Amino acid sequence: MSECGRVVTICSNIPRLAQCVQALLPKMKVVSVSPPLDQTICQNTDFLIAEHNFLEPLLTSNNKERLKFVQNTWAGMDSMAKHVKETNCKPTLKLARFSHPSFSQFMAEYALVSIINMERNYPVVHASQAQGFWNKSDDLKNYRCLNELKIGILGVGQMGKCTAKIFKSLGSEVFGLVSSTREPSDSIDKYFVPAELPELLSSVDYLVNILPATPDTDQILGGGILSNCENVGFVNIGRGNVIKEDEIIEALENGWLRGAALDVFNVEPLPSESKLWSHPKVTITPHVAGESRAQDIAECFVTNLNKFDSGEDLDCVVNWDRLY
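Residues numbered from 1 in each chain as written. Predicted model: local features only at pLDDT ≥ 70, side-chain atom pairs only at ≥ 80, totals over all residues. Heavy atoms only, no water.

Draft legend 1. Structural view of the overall build of the protein. Across its full length, the protein carries nine helices and twelve strands. Over its C-alpha atoms the protein spans a radius of gyration of 22 Å, differing by no more than 12% from the 20 Å that the globule rule assigns to 324 residues. Overall, the C-alpha framework of the protein stretches about 70 × 45 × 40 Å when taken along its three principal axes. Split into buried and exposed, the 324 residues of the protein put 51% on the buried side. If you take every contact in the protein between residues at least 6 apart in sequence, the share linking residues at least 24 apart comes to 63%. (Helix = DSSP H or I, 4+ residues; strand = E, 2+ residues; numbered from the N terminus. Rg over C-alpha atoms; globule rule 2.2 N^0.38 Å. Buried < 20%, exposed > 50% of the residue type's maximum accessible area, 1.4 Å probe, protein only. Contact = heavy atoms within 4.5 Å.)

Draft legend 2. Quick look at the packing of aromatic side chains. Taken as a whole and assessed by the stated rule, the structure comprises seven aromatic pairs. Seen from their ring centres, F47 and F301 are 5.9 Å apart, and the 65° between their planes marks the pair as edge-to-face. Of the two residues, F47 sits in strand 3 (residues 47-50) while F301 sits in helix 9 (residues 294-310), which places them 254 residues apart along the sequence. Relative to F103, the ring of F98 has its centre 5.4 Å away and its plane inclined at 75°; by these criteria the two rings are edge-to-face. Among the residues examined, F103 registers a relative accessible area of 7% and is labelled buried. An aromatic cluster is present here, built from F47, F69, F301 and F308 joined pairwise through their rings. Above the ring of Y324, the side-chain terminus of R97 is found at 3.8 Å from the ring centroid. Between the NZ or CZ atom of R120 and the centre of the ring of Y143, over which it lies, the distance is 3.9 Å. (Phe/Tyr/Trp six-rings, centres within 6.5 Å; stacked < 30°, edge-to-face > 60°. Lys NZ or Arg CZ within 6 Å of the ring centre and 35° of its normal.)

Draft legend 3. Representation of the nonpolar core. The biggest cluster of nonpolar side chains holds 52 residues, and the ones touching the most others in it are V21, I115, I237 and F301. For this core, the secondary structure elements donating two or more residues are strand 1 (7-11), helix 1 (17-24), strand 3, helix 4 (101-119), strand 6 (150-154), helix 6 (158-169), strand 9 (206-209) and helix 9. Considering each element in turn, this core owes the most residues, eight residues, to helix 4. Those residues in contact with F301 that sit more than four places away from it in its chain are V8, L25, F47, I49, F69 and Q71. Counting residues in hydrophobic clusters, the runner-up holds 31 residues, among them L177, L197, A251 and F265. (Core = buried A, V, L, I, M, F, W, Y, C linked by side-chain atoms within 4.5 Å.)

Draft legend 4. Layout of helix 4. In a regular helix each residue adds 1.5 Å, so 19 residues correspond to 27 Å; helix 4 covers 27 Å between its end C-alpha atoms and thus fits that length. Here helix 4 has its buried residues at F103, S104, M107, A108, Y110, A111, L112, S114, I115, M118 and E119. Buried residues along helix 4 sit in contact with strand 6, helix 6, strand 9, strand 10 (232-236) and strand 11 (257-262). One or two residues past the end of helix 4 sits N121, with phi positive at roughly 60°. (Expected span 1.5 Å × (residues − 1).)

Draft legend 5. Representation of the layout of surface pockets within the structure. Of the volumes computed, that of the second largest pocket is approximately 520 Å³. In terms of lining residues, the second largest pocket is bounded by 20 residues, among which D78, K82, A213, D218 and N241 are the most central. For the lining of the second largest pocket, a count of residues per class yields seven nonpolar, six polar and seven charged. (1 Å grid on protein atoms, 1.4 Å probe; cavity = no way out; pocket = protein on both sides within 12 Å on 5 of 7 lines; lining within 4 Å. Points joined across faces, edges and corners; volume = space filled by probe spheres on them. Nonpolar A, V, L, I, M, F, W, Y, C, P; charged D, E, K, R; others polar.)

Draft legend 6. The arrangement of the side chain of H100 in detail. When you line up the elements, H100 lands in the loop between strand 5 (95-96) and helix 4. Within the local environment of H100, its side chain forms a polar contact with the backbone nitrogen of S102, the two atoms lying 3.0 Å apart. In this structure, H100 is in contact with D296, E299 and C300, ignoring residues within four places of it in sequence. (Polar contact = N/O pair within 3.5 Å; in protein donor to acceptor, adjacent residues only side chain to side chain.)

Draft legend 7. Main features of the sheet that holds strand 2 (residues 29-32). The sheet built from five strands is open, its strands ordered 2-1-3-4-5 with parallel pairing. The sheet terminates laterally at strand 2 and strand 5, the two strands that pair on one side only. With four bridges connecting them, strand 1 and strand 2 associate as parallel partners. Across the sheet, residue T9 finds its bridge partner in strand 2, namely V31. (Pairing = 2+ DSSP bridges.)

Draft legend 8. Inspection of the sheet that holds strand 6 at higher detail. Read across the sheet, seven strands follow the order 8-7-6-9-10-11-12 without closing on themselves; strand pairing throughout is parallel. The outermost strands of the open sheet, each flanked by one partner alone, are strand 8 (190-192) and strand 12 (282-284). Each strand axis lies, on average, 15° off the axis of its neighbour in the sheet, ignoring direction. As defined by bridge partners, strand 7 (residues 173-177) adjoins strand 8 across three bridges and the pair is classed as parallel. (Axes fitted to C-alpha atoms, helices over the stretch in contact; angles between N-to-C directions.)

Structure representation (structure tokens):
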């Protein structure tokens, strides 16, 4: 379908997003607006690209209005899911989550470097350097090759598949947690369902969480289930709802976890009084494992626009029953 005469509106704090969209769709009218949004936008634009936390006033819009679909600029939709759950709202908005190969690659690379850092004990390296200490202790020599490691990935969507592919290409044995039974694939040696999570935890050397925040994933790693682990490295690039922070510390103190690389938390920014900040076995990053870049969001939108015009299903459309 021709771009002419159609309007895409952008409501986002991400720099250069409008320019990137216009560069890819030179004949389409690109309009930028500031929040808050209201229902009138549904009659004034054909498409909307926005942060999901700007969209609450539009949740009950329908396909009879001019607005055809909304492209989220984020992969997650935590605050909206919380709003829907708390208000018993019944959304009808057609919303697609952000996805892009580069974003998946960013997340996979974060997991890879975090696991190498834990396996090579880089916190000790940094501490030794700060002290001017030429440390030749066993702490820095007892490491394994990646092809000797078993990696568990919680959540095998686009990001999980990319992460699995990288580790598998380096020779690791890779396990995946999914919602229903599957046969092994090229990158996943064995799939586990949630009822088999204790078995997965007891089988791995490192655990990478990429699960979204949904009612089904709340506290999935809490309640002492990490006692099934033995000296396992934990990487969390999904969401912080999977476990409470005091339970991470408990798992570290009990030797269930050897270390933790944490990019997401129950409360963000992480409060300065959190004990995680000063824990010697914890590495903290401020939710930067994967950034939503303007050029990637624009490409994601164009992909979904082409699918819409062809009558195909959009990528990553939100299932409001699952809140993801």
